[in-house]
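Single-letter residue listing:
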Amino acid sequence: MRTMHRIKGAFLALFFIVATAAPMPGFAQQEQQMVFAKEPLVVQTASGKLLNFTVEIASTNEQRQYGLMYRKEMAENAGMLFDFGQSRRVTMWMENTILPLDMLFIDSTGVIRHIKENAVPYSEDIIDSMGSVKYVVELNAGIVKKLGIKVGDKAASPTITKK
């Protein structure tokens, strides 16, 4: 009987160690971030000013759905480029997104067609492209105003300029 209690105690101790050391299947850890490829992106303003950014590429459905969720910070010259593969009306939202963002809605030729400034963290409000676009670039909130980015400016990156 005493041996049975030792075996049961050892099993329970082992179960506790395994259960607390490894996440249970089906429970995603929000702290883990998805890995994205990066590339340079340049915005050329109407006045000819070149603005340089490094963007992460979200080109799969899974990457586009995850986006910048759970990020607590992002470098001032960083952002995320969402590639939708084809031109269409796009809607975005800020659920589970901690950072306030500016969004550039860009057509297939790289022209910025619509801008949403200061998207509110955690908001479930729909942010509409207001027309057909192929790309969305998310930047830290305030960058659009600070750098003077406007509708009609042009964005270029290896993803945007590829044919």
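As shown above, the structure is provided for reference.
Residues numbered from 1 in each chain as written. Predicted model: local features only at pLDDT ≥ 70, side-chain atom pairs only at ≥ 80, totals over all residues. Heavy atoms only, no water.

(A) Local environment of the nonpolar core. Ranked by internal contacts, the top residues of the largest apolar core, which has 22 residues, are F82, M92, M103, F105, I127 and V136. Listed by contribution, the elements that provide at least two residues to this core are β3 (78-92), β4 (101-106) and β6 (127-140). Looking at which element gives the most residues to this core, the answer is β3, with six residues. When neighbours within four sequence positions are excluded, V136 is seen to be in contact with M80, L81, F82, F84, V90, M92, M103, L104 and F105. Ranked by size, the runner-up nonpolar core spans 19 residues in total, among them I106, Y135, I143 and I160. (Core = buried A, V, L, I, M, F, W, Y, C linked by side-chain atoms within 4.5 Å. Buried < 20%, exposed > 50% of the residue type's maximum accessible area, 1.4 Å probe, protein only. Helix = DSSP H or I, 4+ residues; strand = E, 2+ residues; numbered from the N terminus. Contact = heavy atoms within 4.5 Å.)

(B) Fine view of the side chain of S157. Position of S157 relative to the elements: it lies in the loop between β7 (154-156) and α4 (158-161). Judged by relative accessible area, S157 falls into the buried class, the value being 5%. Only 2.7 Å separates the side chain of S157 from the side chain of E39, close enough to count as a polar contact. Within the structure, S157 has its side chain in polar contact with the backbone nitrogen of I160 (distance 3.2 Å). Ignoring sequence-local partners within four residues, the contact set of S157 consists of E39, P40, L41 and L81. (Polar contact = N/O pair within 3.5 Å; in protein donor to acceptor, adjacent residues only side chain to side chain.)

(C) Representation of the pairing of β6. The buried fraction of β6 is high, at ten of 14 residues. In this structure, β3 lies alongside β6, joined through nine bridges in antiparallel fashion. Looking at β6, one finds that R89 is bridged to S132. Pairing of β4 with β6, which is carried by six bridges, proceeds in the antiparallel orientation. (Pairing = 2+ DSSP bridges.)

All we've got here are geometric facts, nothing functional implied.
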